Every structure is written in structure tokens, then in C-alpha cells.
Amino acid sequence: MFARLLILFTVVPLIELALLIKLGNVIGLWPTIFIVIATGVLGAALARSQGTQVISAIRAEVAEGRPPTESLINGLLVLVGGVVLLTPGLLTDLLGFSLLIPFTRNWFKKKLQGRLRKYAQRNSASATIIIR
């Protein structure tokens, strides 16, 4: 876990910084700054619209008496996508946009559901062993 956090908070920002410097050298400072600002604005608008859709889906499922499990996962991914878009960088923008676009978000959702299923099975099995 520590290694993952170390990579997340040190290696990823260094890679992002290197990419932004490289991009700035290729297209110039102001176009690079414009790209960072434009992706932030576009990402915020997309996060807002997708978030509104997710909240509507959750409300509809609750009104029908169904647990909003899939909609909650969508909501989590939209939230993470919006937060990731707040950080300046090309890779994080790519990840953020892919979490906000429903087509690509479905791929992440399937992966997350699989990991949650494995986690639940692993923990329910260990709980059963402890109870016996």
C-alpha cells in the first residue's frame, strides 16, 4: 500500500510535470496553459452533467425500491474523475475524462465491480472461518 501511495504522490506528478514541460517546449507556454485551463473547464462541465445524471439514476432506483448499487459505483467513478481533472496534467486529464464518459467508465466499473466482488468473497470467507 505504501508503495502505491508513494507512486501516486511522487512519480505521477513528476511524469505529469515532465509531460507539461515537453508540451510547452513543443507548442509554447501559453498554448500549454490554455490546454490545462480548457481541460479543467471542460472536465468541470462534464463532471457536473454526468453527476446530475448519476444522482437522477440513484433517485429513480430508490423510488422503485431497488438498491442503487450500480448507480453508486457510477457516482464514485464520476466523483473520482472530477477530482482527478482538478490536478493539472495530461495523464490525469486522460484518466479523468475516461471516468466521466459513460462508454469508457463502464470498463472501469466492470473492473471495480470485479475487485469488490473478490474483496467481499475473501472477507466473507475469513469471517466464516472466524465464526466457526
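Look above for the structure.
Let me begin by describing the structure that accompanies this report. What you see is a predicted model, and the numbers here were worked out from it, not measured in a lab. (Residues numbered from 1 in each chain as written. Predicted model: local features only at pLDDT ≥ 70, side-chain atom pairs only at ≥ 80, totals over all residues. Heavy atoms only, no water.)

Below, the discussion takes up the overall build of the chain. Scanning the chain from terminus to terminus reveals five helices and zero strands. Each helix and strand of the chain, placed in order from N terminus to C terminus, yields the pattern α-α-α-α-α. Against the compact-globule benchmark of 14 Å for 132 residues, the chain has a radius of gyration of 19 Å, which places it well outside the compact range. In terms of overall dimensions, the chain has C-alpha extents of about 65 × 40 × 20 Å along its principal axes. Of all intrachain contacts in the chain linking residues separated by at least 6 positions in sequence, the fraction that spans at least 24 positions is 53%. Carbon and sulfur atoms provide 74% of the accessible area of the chain, an area that totals close to 9600 Å². Charge-centre separation for the chain: the mean point of 14 positive side chains lies 9 Å from the mean point of 5 negative side chains. (Helix = DSSP H or I, 4+ residues; strand = E, 2+ residues; numbered from the N terminus. Rg over C-alpha atoms; globule rule 2.2 N^0.38 Å. Contact = heavy atoms within 4.5 Å. Areas by Shrake-Rupley, 256 points an atom, 1.4 Å probe, with all protein chains shown as cover. Lys, Arg positive; Asp, Glu negative; His and termini not counted. Charge placed at Lys NZ, Arg CZ, Asp CG, Glu CD.)

Together, Arg4, Lys111, Arg115, Lys118 and Arg122 give the surface a local cluster of positive charge. Considering each element in turn, the positive patch owes the most residues, four residues, to helix 5 (residues 102-131). By the element assignment, arginine 122 lies in helix 5. (Patch = residues over 30% accessible without salt bridge, like charges linked within 9 Å, V, L, I, M, F, W, Y side chains within 5 Å. Salt bridge = Lys/Arg side-chain N within 4 Å of Asp/Glu carboxyl O.)

This paragraph deals with the packing of helix 1 (residues 2-27) against helix 4 (residues 90-100). Here helix 1 crosses helix 4 at 110°, and the two axes come no closer than 7 Å. Taken as axis vectors, helix 1 and helix 4 run roughly perpendicular relative to one another. Here Val12, Ile15, Glu16, Leu19, Leu20 and Leu23 of helix 1 lie close against helix 4, whose contacting residues are Leu90, Leu91 and Thr92. Looking at the contact of helix 1 with helix 4, its residues break down into seven nonpolar, one polar and one charged. (Axes fitted to C-alpha atoms, helices over the stretch in contact; angles between N-to-C directions. Parallel < 35°, antiparallel > 145°, perpendicular 65-115°, else oblique. Nonpolar A, V, L, I, M, F, W, Y, C, P; charged D, E, K, R; others polar.)

Evaluation of the coordinates by the stated rule reveals two salt bridges. A salt bridge links glutamate 64 to arginine 66; its shortest N-O distance comes to 2.7 Å. Judged by relative accessible area, glutamate 64 falls into the exposed class, the value being 56%. (Buried < 20%, exposed > 50% of the residue type's maximum accessible area, 1.4 Å probe, protein only.)

A separate point is the packing of aromatic side chains. Applying the stated criterion across every chain, the model contains one aromatic pair. Centre to centre, the rings of tryptophan 107 and phenylalanine 108 are 5.0 Å apart; their planes meet at 85°, and the pair counts as edge-to-face. Classification of tryptophan 107 by relative accessible area gives exposed; the value is 51%. (Phe/Tyr/Trp six-rings, centres within 6.5 Å; stacked < 30°, edge-to-face > 60°.)

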